[in-house]
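Given next are the chains, with one letter for each unit.
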Amino acid sequence: MTESILVAGDWRPGRGEETPSLFPADGSVNAVVATAGVDDVNEAIERADRARREPAWRNMRPHERAAILGRASDLLTGRAEAVARLQTRDNGKPLAETRALVASAAGTCRYFASALETLDDALTPPRGDYLTMSVHEPLGVVGAITPWNSPVASEMQKIAPALAGGNAVVVKPADATPLVALELGRIFDEAGLPPGLLSILPGRGSVVGDAIVRHPLVKKVSFTGGTRTGRMLAHIAADKLMPVSLELGGKSPTVVFDDADIDHAVNGVLFGIFSSAGQACIAGSRLFVQDGIHDAFMTRLVEATARLRVGHPEADGTQVGPLISEQHRGVVEDYVKLGLEEGATLLTGGERPRGDGLDRGSYYQPTILAGLTNAARVCREEIFGPVLVAMRFADEDDLVAQANDSVYGLASGLWTRDYKRALRVARRLETGTVWINTYKQISVSTPFGGVKESGTGREKGVGGIRAYQQQKSIYLGLNEQPIPWAGPVIEEH
Ligand code: NAP
């Protein structure tokens, strides 16, 4: 029995390949999806473009669109446990994490519903005998392309604001994790979204994703994924003169100053890199510890890392689940090998865990490499796994120079009791987000995005809806007389 996909209101098998969704804990098949083919993509986009022009959607008031989003949020909350389990099956994240992600996705949907109800358009100060207003209108059909690491959150983060903005949305989830996006499709159906406005098109990026990005009726692409793919999409978007938002990779520095609260810092560093088995764009994967506490801190950190509970993602208490696939574990292993060849010292990890059924899944031990400088490839490239590279620094200037010496600029973390220093350094770090004495906390009301090769554009916040709209200026003439320039001609006639 294969899973159907959602093509502009119709649930049916796609015309692409049949692709299995695999459980990374043991390789068993969760479902087989009849993925989309290029014909499905074209049909979905053409029908989406018609649906978004229908009066039923075009004339729907913001509070009515908000009501649909509100119902979708309630439906997701009502089946939260089932969706969390589905995501755990799809990508192997521990249930504790997927439960939090589902709650966050429901909150995102609710937030954009509320924001939509309160957004104003503007009357602008007139400079003539007319009334001027600036209104926001939908862009049209929007493509949303997402990665496999946090599907429910990254998909809702695009679907909700794009629908709030009055658009139609065509979603291309990652090939490895199609199931949650399909469930979101069912939820928006049940919430009363008019047919055609949302399509869920699983399939390969190079086929389905590429067809979405190139389609002339697609007016914006919101992409989350790797920097290499993002750059490719940006080139296509440039040719179409189409806006594109890019949430890309990272190699985020976490910094522990001499005066940090050590207990908090150890916990924060562990959570920053090893939650989600390091498969997070914002993973704090480069650690910088100040000379004065370096040795004591590293001893504590290594001991705590070795105690992390690596285990089955559906078991209570698991902190680190499997990686998404055997193939990805191979990439992570190659990076650790490379780090050792580059001269790193292995402080802990560096192996596949054994026993307790772990041999059946794509698990990898939390790993710390030390003794390298930022020049090493493992300190520069995103590994996207449970691998931390630890370095040291002397003072603020040294730290800022090292932390900013990266093509990436997604996030950073600072651990210090000195808030003046924290704010001073935060302003000097070239990253889209800085966490001070906390890490990996995400709030939907706070804009999120990267600088440098970590991306362009921001998601979340009230501006999250505006990112899916364009402004139109309207002049309403109030003059009782003809426009003076043309007036004499008309009077002479
Ligand atoms: P990826 O390979 O770039 O894939 C992301 C999405 O793009 C997938 O759906 C993929 O399809 C699709 N895709 C691939 N080639 C495409 C093409 N030619 N045209 C259109 N779409 C295409 O990234 P990933 O390995 O799935 O995810 C990991 C990366 O995402 C990491 O670099 C991570 O840092 C980044 N990420 C960033 C954020 C953020 O907010 N900044 C959040 C999460 C993850 P397939 O399924 O076929 O590959």
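To keep things clear, this report deals only with the structure shown in the data block.

So, how was this worked out
Residues numbered from 1 in each chain as written. Predicted model: local features only at pLDDT ≥ 70, side-chain atom pairs only at ≥ 80, totals over all residues. Heavy atoms only, no water. Helix = DSSP H or I, 4+ residues; strand = E, 2+ residues; numbered from the N terminus. Rg over C-alpha atoms; globule rule 2.2 N^0.38 Å. Buried < 20%, exposed > 50% of the residue type's maximum accessible area, 1.4 Å probe, protein only. Lys, Arg positive; Asp, Glu negative; His and termini not counted. Charge placed at Lys NZ, Arg CZ, Asp CG, Glu CD. Polar contact = N/O pair within 3.5 Å; in protein donor to acceptor, adjacent residues only side chain to side chain. Contact = heavy atoms within 4.5 Å. Patch = residues over 30% accessible without salt bridge, like charges linked within 9 Å, V, L, I, M, F, W, Y side chains within 5 Å. Areas by Shrake-Rupley, 256 points an atom, 1.4 Å probe, with all protein chains shown as cover. Salt bridge = Lys/Arg side-chain N within 4 Å of Asp/Glu carboxyl O. Core = buried A, V, L, I, M, F, W, Y, C linked by side-chain atoms within 4.5 Å. Near = heavy atom within 4 Å. Axes fitted to C-alpha atoms, helices over the stretch in contact; angles between N-to-C directions. Parallel < 35°, antiparallel > 145°, perpendicular 65-115°, else oblique. Left-handed = near helix turned anticlockwise from the far one by under 90°. Nonpolar A, V, L, I, M, F, W, Y, C, P; charged D, E, K, R; others polar. Pairing = 2+ DSSP bridges.

This brings us to the overall build of the chain. Looking only at helices and strands, the chain features 17 helices and 23 strands. Taking 2.2 N^0.38 as the reference for a compact globule, 493 residues should give roughly 23 Å; the C-alpha atoms of the chain span a radius of gyration of 25 Å, in line with that estimate. If you line up the chain on its principal axes, its C-alpha atoms span 90 × 60 × 40 Å. Expressed as a percentage of its 493 residues, the buried residues of the chain come to 54%. Placing the 52 positive and 60 negative side-chain charges of the chain at their respective mean positions leaves the two points 0 Å apart.

A separate point is the side chain of Glu-459. As for its position among the elements, Glu-459 is in the loop between strand S22 (455–456) and helix H16 (463–466). Judged by relative accessible area, which is 5%, Glu-459 ranks as buried. Of note is the side chain of Glu-459, whose polar atom sits 2.8 Å from the side chain of Lys-158. In this structure the side chain of Glu-459 is engaged in a polar contact, spanning 3.4 Å, whose partner is the side chain of Ser-222. If we ignore the near neighbours within four places in the chain, the residues touching Glu-459 are Gln-157, Lys-158, Ser-222, Thr-224, Glu-247, Thr-446, Pro-447, Phe-448 and Tyr-468.

Let's shift gears to a nonpolar patch on the surface. Side chains of Leu-123, Leu-131, Leu-476 and Leu-478 sit close together on the surface and give an oily, nonpolar patch of about 360 Å² of accessible area. Assignment of secondary structure puts Leu-476 in strand S23 (residues 469–477). Overall, the relative accessible area of 42% leaves Leu-476 in the partly exposed class.

Our focus in this paragraph is the nonpolar core. Leu-76, Phe-188 and Leu-201 are the most contacted members of the largest nonpolar core, which totals 75 residues. In this structure Leu-201 touches Ile-5, Leu-6, Val-7, Ala-36, Val-41, Ala-44, Val-170, Val-171, Lys-172, Pro-173, Val-208 and Ile-212, once residues within four positions along its chain are discounted. Among the nonpolar cores identified, the runner-up in size contains 59 residues, and Phe-257, Ile-282, Val-320 and Trp-415 belong to it.

Taken together, 29 residues form the shell around the ligand, and within it Thr-146, Asp-175, Gly-205, Thr-229 and Glu-382 come nearest. At a separation of 2.7 Å, an oxygen atom of the ligand approaches a polar backbone atom of Thr-146. Here a nitrogen atom of the ligand sits 2.7 Å away from a polar atom, N or O, in the main chain of Leu-248. Out of a free accessible area of 900 Å², the ligand has 83% covered by protein chains.

Attention now moves to the environment of Val-425. Within the element layout of this structure, Val-425 appears in helix H15 (residues 419–428). Distance in space between the C-alpha atoms of Val-425 and Glu-396 is 7.4 Å, their sequence separation being 29 residues. Setting aside anything within four residues of it in sequence, one finds Val-425 in contact with Phe-257, Glu-396, Leu-399, Val-400 and Leu-414.

Turning our attention to the pattern of salt bridges. For the structure shown, the criterion picks out 33 salt bridges. For the salt bridge of Arg-15 with Asp-40, the shortest nitrogen-to-oxygen distance reads 2.8 Å. Separated by 25 residues along the polypeptide, Arg-15 in the loop between strand S3 (10–12) and strand S4 (18–22) and Asp-40 in helix H1 (residues 38–53) bring together distant segments of the chain. Under the relative-accessibility criterion, Arg-15 is labelled partly exposed at 48%. Glu-314 is the partner of Arg-89 in a salt bridge, and the nearest nitrogen-oxygen pair spans 3.7 Å. With Arg-89 in helix H4 (residues 80–91) and Glu-314 in the loop between helix H11 (294–306) and helix H12 (326–341), the pair connects residues that are 225 residues apart, well separated along the chain. Taken together, the salt bridges that share partners define one network made up of Asp-10, Arg-12, Arg-15, Asp-40, Glu-43 and Arg-47.

On to the packing of H4 against helix H5 (residues 95–118), then. The contact between H4 and H5 brings their axes to 8 Å, and the two run at 125 degrees. One element, H4, and the other, H5, form an angle in the oblique class. In this structure, H4 meets H5 at a crossing whose hand is right-handed. Across the interface between the two elements, Ala-80, Glu-81, Val-83, Ala-84, Arg-85, Gln-87 and Thr-88 from H4 touch Leu-95, Thr-98, Arg-99, Leu-101 and Val-102 from H5. When the residues that make up the contact of H4 with H5 are grouped by side-chain class, the tally is six nonpolar, three polar and three charged.

With that settled, consider the sheet that holds S23. Across the sheet, three strands lie side by side as S6-S7-S23; this open sheet has antiparallel pairing. Edge positions in the sheet fall to strand S6 (122–124) and S23, since each has one partner strand and no second. The mean angle between the axes of side-by-side strands here comes to 30 degrees, regardless of whether they run parallel or antiparallel.

Our focus in this paragraph is the sheet that holds strand S16 (residues 367–370). To summarise the sheet geometry, strands pair through backbone hydrogen bonds and adopt either a parallel or an antiparallel arrangement. Here seven strands make up an open sheet; going across it, the order is S15-S16-S17-S14-S13-S19-S20 and the pairing mixed. The sheet is open, and its two edges are formed by strand S15 (345–348) and strand S20 (433–436), each paired on a single side. Strand-to-strand twist across the sheet, computed as the mean angle between neighbouring axes with direction ignored, equals 25 degrees. Note that S15 and S16 share three bridges and pair antiparallel. When the bridges of S16 are listed, Thr-348 appears paired with Ile-368. Against the sheet, helix H10 (residues 262–274) touches strand S13 (253–256), strand S14 (286–290), S16, strand S17 (387–393) and strand S19 (411–415), its axis set at about 135 degrees to S17. Docked against the sheet, H12 engages S15, S16 and S17, running at close to 25 degrees with respect to S16.

In this structure, Ser-276 takes a positive phi of about 55 degrees despite not being glycine. Ser-276 gets classed as buried once you look at its relative accessible area, which sits at 5%. In the Ramachandran plot, Asp-356 falls in the positive-phi region, its phi being about 50 degrees despite a non-glycine side chain. Locating Asp-356 in the fold gives a position in the loop between S15 and S16.

The analysis is restricted to geometry; functional conclusions fall outside its scope.
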